[in-house]
Amino acid sequence: MLLRLNIADNRPLHEQVAGSIRRAIAEGECGPGDRLPPARELSQALGVNANTVLRALRALRDEGLLEFRRGRGVTVAGGADGRSALLERVRELVADGARLGYGKAELIEMIKEAQ
């Protein structure tokens, strides 16, 4: 799995790391059940602190994209590829809405109306 961070990006590093892993899952580089490299290896490859990588991994676990298993490491959750793609589209929707002046509450109302 090849991950890269954009130095010009002003988002926090843990968000960039999480975004890179999300992208790898969405693009099929990592599939359900695949094991991720240890956090220490990822941090060395990206040139960031191991705690930054761990924070990103915990966020992805909380989103349901990763599973932590004692003694087996971190694996991609079943169905994560579809969920990752959907989450990415939701983030794009929120960003587009913000550019057009809509808040999250207004976007939620639009989604409710569309049902």
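Scroll up a little and you will see the structure.
Since the model is a prediction, treat every value here as computed from it, not as a measurement.

Engineer: Is there a simple way to think about the overall build of the protein in this case?
Structural biologist: In terms of regular secondary structure, the protein is built from five helices and two strands. Counted from the first residue to the last, the protein has its helices and strands arranged as α-α-α-β-β-α-α. With the C-alpha coordinates aligned to their principal axes, the bounding extent of the protein is approximately 45 × 35 × 20 Å. The buried share of the protein, reckoned over its 115 residues, is 31%. When contacts within the protein are restricted to residue pairs at least 6 apart in sequence, long-range pairs at least 24 apart make up 52% of them. Carbon and sulfur atoms form 50% of the exposed surface of the protein, whose accessible area is close to 7700 Å².

Engineer: Quick question: what am I supposed to make of helix α2 (residues 39-46) here?
Structural biologist: Given 3.6 residues per turn, any residue in an α-helix points the same way as the ones three and four places further on. The set of residues buried in α2 consists of A39, L42, S43 and L46. Angularly, the buried residues of α2 cover 100° about the axis, an arc narrow enough to put them on a single face. Looking at α2, the residues exposed on the side facing more than 90 degrees away from the buried face are R40, Q44 and A45. Close packing links the buried residues of α2 with α1 (13-26) and α3 (50-62).

Engineer: For this particular structure, what's the right way to read the packing of aromatic side chains?
Structural biologist: The geometry of an aromatic ring pair is captured by two quantities: the separation of the ring centres and the angle between the planes. Counted by the stated rule, this structure contains zero aromatic pairs. The lysine or arginine in question, R61, covers the ring of F68, its NZ or CZ lying 4.9 Å from the ring centre.

Engineer: Is there a simple way to think about α1 in this case?
Structural biologist: With 14 residues, α1 should reach 20 Å at 1.5 Å per residue; the first-to-last C-alpha distance of 20 Å fits that figure. α1 sits mainly inside the fold: 10 of its 14 residues count as buried. Within the span of α1, buried status applies to H14, Q16, V17, A18, G19, S20, I21, R22, A24 and I25. Trailing α1 by a residue or two, G28 shows a phi angle of about 85°, which is positive.

Criteria and cut-off values
- As a convention, each chain's residues are numbered from 1 in the sequence order in which they are written.
- Given that this is a predicted model, residues contribute local features only at a pLDDT of at least 70 and side-chain atom pairs are listed and counted only at 80 or more, while totals for whole chains, interfaces and linings are drawn from all residues.
- In computing side-chain properties, one takes all heavy atoms of the structure into account and sets aside hydrogens as well as water.
- Elements are defined by DSSP. Helices are runs of H or I of four residues or more, strands are runs of E of two residues or more, and each kind is numbered from the N terminus.
- Throughout, exposure labels follow a simple rule: accessible area from a 1.4 Å probe, protein chains only, divided by the maximum for the residue type, with under 20% read as buried, over 50% as exposed, and the rest as partly exposed.
- Here a residue-residue contact requires only that any non-hydrogen atoms of the pair lie within 4.5 Å.
- Each accessible area is a Shrake-Rupley result for a 1.4 Å probe, and residues are judged covered by the shown protein chains and nothing else.
- The directions considered for the arc run from the helix axis to the C-beta atoms.
- Two aromatic rings, drawn from Phe, Tyr or Trp (for Trp, its six-membered ring), form a pair once their centres lie within 6.5 Å of each other, and the interplanar angle then sorts them: stacked below 30 degrees, edge-to-face above 60, tilted otherwise.
- The rule for a charge over a ring is simple: NZ of Lys or CZ of Arg within 6 Å of the ring centre, and within 35 degrees of the ring normal.
- Each helix should span, by expectation, one fewer than its residue count multiplied by 1.5 Å.

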